[in-house]
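# Residue-level structural notes
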Amino acid sequence: MKNSSLKAKIPLSLVNASKGFDGEKVLQDVSLDLEPGTITGLLGRNAAGKTTLIRTAVGLLKPDSGQANLFGYSAWDCPASIRRRVGYVSQKFDDMLWLYVKDAISLVGSFYETWDHQLVERFRDEWDVPLDKKIQTLSQGQQQKVGILLAIGHRPDLLVLDEPVASLDPVARQNFLRTLLMLNDEIGQTILFSSHITTDIERIAADIAILHEGKITYHGGVDKLKESVQCLFLRADCSLDNIRDVTGVISSRVDGNRLQVWVRDWDEEKSAQLGEQIFEAHGSSTPVLTEAVGLEELFMGMTS
Amino acid sequence: MFTIKLNSGVPIYRQVFTQVVRQIDCGKLAKDELLPSVRQMATELGVNPMTISKAYSLLESEGIVERKRGVGMVVIKKAEKPVDYLRPGIESLVADAKQLGLSQTQLNQMIKKLWK
């Protein structure tokens, strides 16, 4: 009993979820629990499986194996009362294109008792979305904004957005990111949004999930990730054999005459261990230079 | 008053921490002055309030600010004098000079030359 009430508090949960299309696996054993009230950025390169993860998580796709849960219920066939607590914005808004913006808003609003007209009107006004135009005549960025308005109007406890800022211009993007912060602050909304723009994630997300080739390779605090990963610079003739025994190596690449290695949980002990190995192999000791790295570089290191 | 650099190796909460300390040291933030609220600061910088909370907690645990109930974060640390700033550097310089066998006069002469 206690266990199930605990589960019900987790807005979004994937447990060993796998999903494939035409025999090709896109998601592989993905597990991800979102803490209530957090903003999590889902970071991944093109074709990493971000959209599949999101669509599986909100119940638009049925996982081939494993589970996708919303507030403790199976996302694929959860009751309407649970679905009402979720807002979802797809990558490209292509619903109700023939409707006027004002009609689309009142139509969707009529489905919900909790529809917040004020909230919707506030952002519609701020984002300059015209009421008296058909959705299909709007630019892609404007259509995206309509999609966002329709997804936040019922003040969902969980808001899931697939690349929400991809088609917004920089000003609209900044505004929108502030909106997310505000919704999270005012309503205590749990937010998951995918992006490949690391600075957007760094700015507003406290947590980050990195998806690479269908697998989650990191999920945790953005700060923690930045503080635990170091980039080492070694002589390029140091073969990778030298670093094989060092635990926590994420990836490496040769850059000109140096070898760049990304290591997690780097410490003095590891530094000494590596120094010794290099000395044994090359008979000379090279200092191991380390550098703190920004999120973008980190991301590139972790997904190359 | 505060700026952050995205995509730097330094986490945002650390950047905020360092900037508060610097503002105190250069006299822009005086003792007993209030820091902007977590929400204000988060809105101004457009970042997650949790990030600012984290910076403020660190400032508090380092004895730089104090949380006053119903008021906010109050600066309790005084600005460091320029001499305090330079002391660690000078100390290590003197230690190095001694290790290299330089006399005090020799070191003085070197400083004198560089001063011009």
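Given the structure is predicted, the values throughout are model-derived calculations rather than measurements. In every chain, residue numbers begin from 1 and rise along the written sequence. Chains and ligands are labelled by the order in which they are written, letters from A for the one and numbers from 1 for the other. For this predicted model, a pLDDT threshold of at least 70 governs which residues receive local features, and a threshold of 80 or more governs which side-chain atom pairs are given and counted, while totals over whole chains, interfaces and linings are taken from all residues.

## Description of the overall build of chain B
Secondary structure follows DSSP: runs of H or I at least 4 residues long count as helices, runs of E at least 2 residues long count as strands, and numbering of each begins at the N terminus. Helix and strand counts for chain B stand at five helices and two strands. Every radius of gyration here is taken over C-alpha atoms, with the globule rule written as 2.2 Å times N^0.38, N being the number of residues. Against the compact-globule benchmark of 13 Å for 116 residues, chain B has a radius of gyration of 19 Å, which places it well outside the compact range. C-alpha atoms of chain B, sized along the principal axes, occupy 55 × 35 × 25 Å. The exposure scheme places C-beta atoms from the backbone and then counts, for each residue, the other C-beta atoms within 10 Å of its own, assigning buried at 20 or more, exposed at 12 or fewer, and partly exposed in between. Here chain B holds 116 residues, and 21% of them are scored as buried. Note that contacts rest on C-beta atoms placed from the backbone: two residues are in contact if these are within 7 Å. By sequence separation, contacts in chain B at least 24 residues apart represent 53% of the contacts at least 6 residues apart.

## Observations regarding the packing of helix α4 (residues 101-110) of chain A against helix α6 (residues 140-152) of chain A
Residues and elements named next belong to chain A. Every angle, taken between N-to-C directions, lies between 0 and 180 degrees, and every axis is a line fitted to C-alpha atoms, over only the stretch in contact when it is a helix. At their nearest, the axes of α4 and α6 sit 10 Å apart, and the two run at 25° to each other. Relative to α6, the element α4 is oriented roughly parallel. The interaxial crossing formed by α4 with α6 has right-handed handedness. Taken together, the residues of α6 that come into contact with α4 (itself represented by Val101, Ala104, Ile105 and Val108) are Val146, Leu149 and Leu150. Three classes are used, and their members are as follows: Ala, Val, Leu, Ile, Met, Phe, Trp, Tyr, Cys and Pro are nonpolar, Asp, Glu, Lys and Arg are charged, and the others, Gly among them, are polar. Taken together, the residues of the contact of α4 with α6 sort by class into seven nonpolar, no polar and no charged. For classification purposes, an angle smaller than 35 degrees is called roughly parallel, one larger than 145 roughly antiparallel, one from 65 to 115 roughly perpendicular, and anything else oblique. When the near helix sits turned anticlockwise from the far one by under a right angle, the crossing is termed left-handed; a clockwise turn instead gives a right-handed crossing.

## Section: the domain arrangement of chain B
Boundary definitions for the domains trace back to an automatic or database domain assignment. Parsing chain B into structural domains produces domain 1 (12-75) and domain 2 (82-115). Domain 1 of chain B and domain 2 of chain B are separated by 35 Å when their C-alpha centres are compared.

## Considering the interface of chain A and chain B
Between chain A and chain B, the residue contacts involve 22 residues of the former and 15 residues of the latter. Broken down by secondary-structure element, the contributors of at least two residues to the side of chain A that touches chain B are α7 (170-187), α8 (198-204), α9 (222-228), β14 (289-292) and α12 (295-303) of chain A. Of the residues belonging to the side of chain A that touches chain B, the class tally is nine nonpolar, four polar and nine charged.

## A short note on the domain arrangement of chain A
Residue and element names in this part refer to chain A. By domain assignment, chain A separates into domain 1 (2-213) and domain 2 (225-303). The C-alpha centroid of domain 2 is placed 37 Å from the C-alpha centroid of domain 1. The interface is formed by seven residues belonging to domain 1 together with six residues belonging to domain 2. By residue number, the principal contributor to the side of domain 1 that touches domain 2 is strand β9 (residues 207-212), which donates three residues. Residue classes in the side of domain 1 that touches domain 2 are distributed as three nonpolar, two polar and two charged.

## Structural notes on the pairing of strand β7 (residues 158-161) of chain A
All names here are of chain A. Alternating residues of β7 divide into Leu158 and Val160 and Leu159 and Leu161, and every residue in both groups is buried. A pair of strands is labelled paired if DSSP reports no fewer than 2 bridges between them. Judged from the four bridges that link them, β7 and strand β8 (residues 190-195) form a sheet pairing that is parallel. Of the residues in β8, the one forming a bridge with Leu158 is Thr190. Read as a crossover between parallel neighbours, the route from β7 over α7 to β8 is right-handed. For the handedness criterion, the strands are oriented away from the viewer, and a crossover whose path from the first strand over the helix to the second runs clockwise is classed as right-handed.

## A few points about the pairing of strand β13 (residues 258-264) of chain A
Moving residue by residue along a regular strand, the side chains alternate between the two faces of the sheet. Residues and elements named next belong to chain A. As defined by bridge partners, strand β11 (residues 229-235) adjoins β13 across seven bridges and the pair is classed as antiparallel. The residue bridging Gln230 from the neighbouring strand is Val263, located in β13. When strand β12 (residues 249-255) meets β13, the two strands line up antiparallel, connected through six bridges. Looking at the pairing, Asp255 lines up with Arg258 of β13. The hairpin turn running from β12 into β13, its antiparallel successor, is two residues long, and Gly256 in that turn takes a positive phi close to 60°.

## A word on the environment of Phe176 of chain A
All names here are of chain A. You can see Phe176 is positioned in helix α7. With 14 residues separating them in the primary sequence, Phe176 and Asp162 have C-alpha atoms 14 Å apart. For Phe176, the contacting residues outside a window of four places in its chain are Pro164, Val165 and Leu168.

## What to know about the environment of Ser13 of chain A
Turning to its location among the elements, Ser13 of chain A is positioned in strand β1 (residues 12-21). Look past the residues within four positions of Ser13 of chain A in its chain and what remains in contact with it is Asp33 and Asn69 of chain A.

## Comments concerning α12 of chain A
Side chains that are three or four residues apart share a direction in an α-helix, a result of its 3.6 residues per turn. Listed as buried for α12 of chain A are Leu295, Leu298 and Phe299 of chain A. When α12 of chain A is viewed along its axis, its buried side chains cluster within an angular range of 100° and face the same direction. Directions drawn from the helix axis to the C-beta atoms are what define this arc.

## Looking at α7 of chain A
Residue and element names in this part refer to chain A. Working rule for helices: expected span equals 1.5 Å times residues minus one. Between its terminal C-alpha atoms α7 stretches 25 Å, which fits the 26 Å expected from 18 residues at 1.5 Å a residue. Buried residues of α7: Phe176, Leu177, Leu180, Leu181, Leu183 and Asn184, and no others. An end-on view of α7 places all buried positions within 160° of arc, on one side of the element. The exposed set on the far side of α7, more than 90 degrees from its buried face, consists of Val171 and Glu186. Residue Gly188 follows α7 closely and has a positive phi angle near 70°.

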